[in-house]
Amino acid sequence: MDFEAKNIILKNGVNAVFRSPETADAKEMNHFLKTCFSETDFLMRYPEEYTQTEEQEAAFIESANASEYTLMIVCTIDGEIAGNCTLMLNRNLKTRHRASVAIGILKKYWGIGIGTAMFSEMIAAAKDRELLQIELDYIEGNERGRALYEKMGFVHTGEKPNAIKLKDGTLLKEFSMVKLLQ
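Criteria and cut-off values
- Residues numbered from 1 in each chain as written.
- Predicted model: local features only at pLDDT ≥ 70, side-chain atom pairs only at ≥ 80, totals over all residues.
- Heavy atoms only, no water.
- Salt bridge = Lys/Arg side-chain N within 4 Å of Asp/Glu carboxyl O.
- Buried < 20%, exposed > 50% of the residue type's maximum accessible area, 1.4 Å probe, protein only.
- Helix = DSSP H or I, 4+ residues; strand = E, 2+ residues; numbered from the N terminus.
- Pairing = 2+ DSSP bridges.
- Axes fitted to C-alpha atoms, helices over the stretch in contact; angles between N-to-C directions.
- Contact = heavy atoms within 4.5 Å.
- Phe/Tyr/Trp six-rings, centres within 6.5 Å; stacked < 30°, edge-to-face > 60°.
- Parallel < 35°, antiparallel > 145°, perpendicular 65-115°, else oblique.
- Left-handed = near helix turned anticlockwise from the far one by under 90°.
- Nonpolar A, V, L, I, M, F, W, Y, C, P; charged D, E, K, R; others polar.
- Core = buried A, V, L, I, M, F, W, Y, C linked by side-chain atoms within 4.5 Å.

Peer 1: Run through the pattern of salt bridges, naming residues and quoting values.
Peer 2: Within this structure, the stated rule accounts for ten salt bridges. Between D25 and R19 there is a salt bridge, and its shortest N-O distance comes to 2.7 Å. Residues D25 and R19 agree in their burial class; the two are buried. In this structure, the salt-bridge partner of K160 is D137, at a minimum N-O distance of 4.0 Å. Placement of the pair is K160 in strand β7 (residues 155-165) and D137 in strand β6 (residues 133-139), with a sequence separation of 23 residues.

Peer 1: I'd love a proper account of the sheet that holds strand β2 (residues 15-19), names of residues and values included.
Peer 2: The strands making up a sheet associate through hydrogen bonds between their backbones, and the pairing can be parallel or antiparallel. Across the sheet, eight strands lie side by side as β1-β2-β3-β4-β5-β6-β8-β7; this open sheet has mixed pairing. The open sheet has two free edges, formed respectively by β1 (6-9) and β7, since each of these has just one partner strand. Each strand of the sheet is rotated relative to its neighbour by a mean of 25°, with strand direction disregarded. As judged from the three bridges shared by strand β5 (residues 98-105) and β6, these two strands associate in the parallel manner. Across the sheet, R98 pairs through a bridge with Q133, a residue of β6. Lying over the sheet, helix α4 (residues 143-151) contacts β5, β6 and β8 (171-180), oriented at roughly 165° with respect to β6.

Peer 1: Talk me through the packing of aromatic side chains; I want residue IDs and the actual numbers.
Peer 2: The full count for this structure, using the stated rule, is six aromatic pairs. Pairing Y149 with F154 gives two aromatic rings, centres 6.5 Å apart and planes at 65°, and the pair type is edge-to-face. A relative accessible area of 9% means that Y149 is categorised as buried. A residue is classified by how much of its surface remains accessible, and F154, at 3% relative accessible area, is buried.

Peer 1: Lay out the packing of helix α3 (residues 114-128) against α4 in plain terms, naming residues and giving numbers.
Peer 2: Where α3 contacts α4, the axes come no closer than 10 Å and their chain directions differ by 40°. By the angle between their directions, the pair α3 and α4 is classed as oblique. Judged by the sense of rotation from one axis to the other, the crossing of α3 with α4 is right-handed. Between α3 and α4, the contacting residues are G115, T116 and F119 on the first element and L148, Y149 and K151 on the second. When the residues that make up the contact of α3 with α4 are grouped by side-chain class, the tally is three nonpolar, two polar and one charged.

Peer 1: Tell me about the packing of helix α1 (residues 26-39) against helix α2 (residues 54-66), residues and numbers included.
Peer 2: Where α1 contacts α2, the axes come no closer than 8 Å and their chain directions differ by 100°. Classified by the angle their axes make, α1 and α2 are roughly perpendicular. Of α2, the residues touching α1 (which contributes A26, K27, M29, N30 and L33) are E54, E57, A58 and I61.

Peer 1: Lay out the nonpolar core in plain terms, naming residues and giving numbers.
Peer 2: With 51 residues, the main nonpolar core has L87, I114 and F119 as its most contacted residues. Among the elements that take part in this core, α3 stands out by supplying eight residues, more than any other. Once residues lying within four places of it in the same chain are set aside, the contact partners of F119 are V101, I103, L136, L148, Y149, M152 and F154. One finds Y46, I139, L166 and L172 within the second-largest nonpolar core, a separate group that totals five residues.

Okay, structure coming up:
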């Protein structure tokens, strides 16, 4: 799905551009993702597990933009990718009323409103498609994320014990949340 580019003024007064990623963004997107994975244990991969080539990332972006089931949005600030989010619609008839969301923001851009603005866009897109709910999972200890999700109207629906095992052997729960749209 394409996302029509728009300017967003963040809490710190900085102008951000929300837009669909382009295949020309593949190299920077790879760098962005590896950096995000290295900055927190609250994403599902370690940086060394992300092995996508520039060509593979370009193909992924092209596929996502052409898909009627995937909406990807990147946030750029002064030309740098500062964040990205994805709304993934379910394809099967029995679950077509649901979608899941994912988000990543570079640490230097935390706390200035990118997450709130991205969730607002994903929620609006889900409502435009007449979905009944959107869902997400987050890792135990991610209090910043949990606070954002609750602020955006998500409610806790369950947990998976020992779902995440960090390199040091620490086991963490994974929590599920849902936002009802109607």
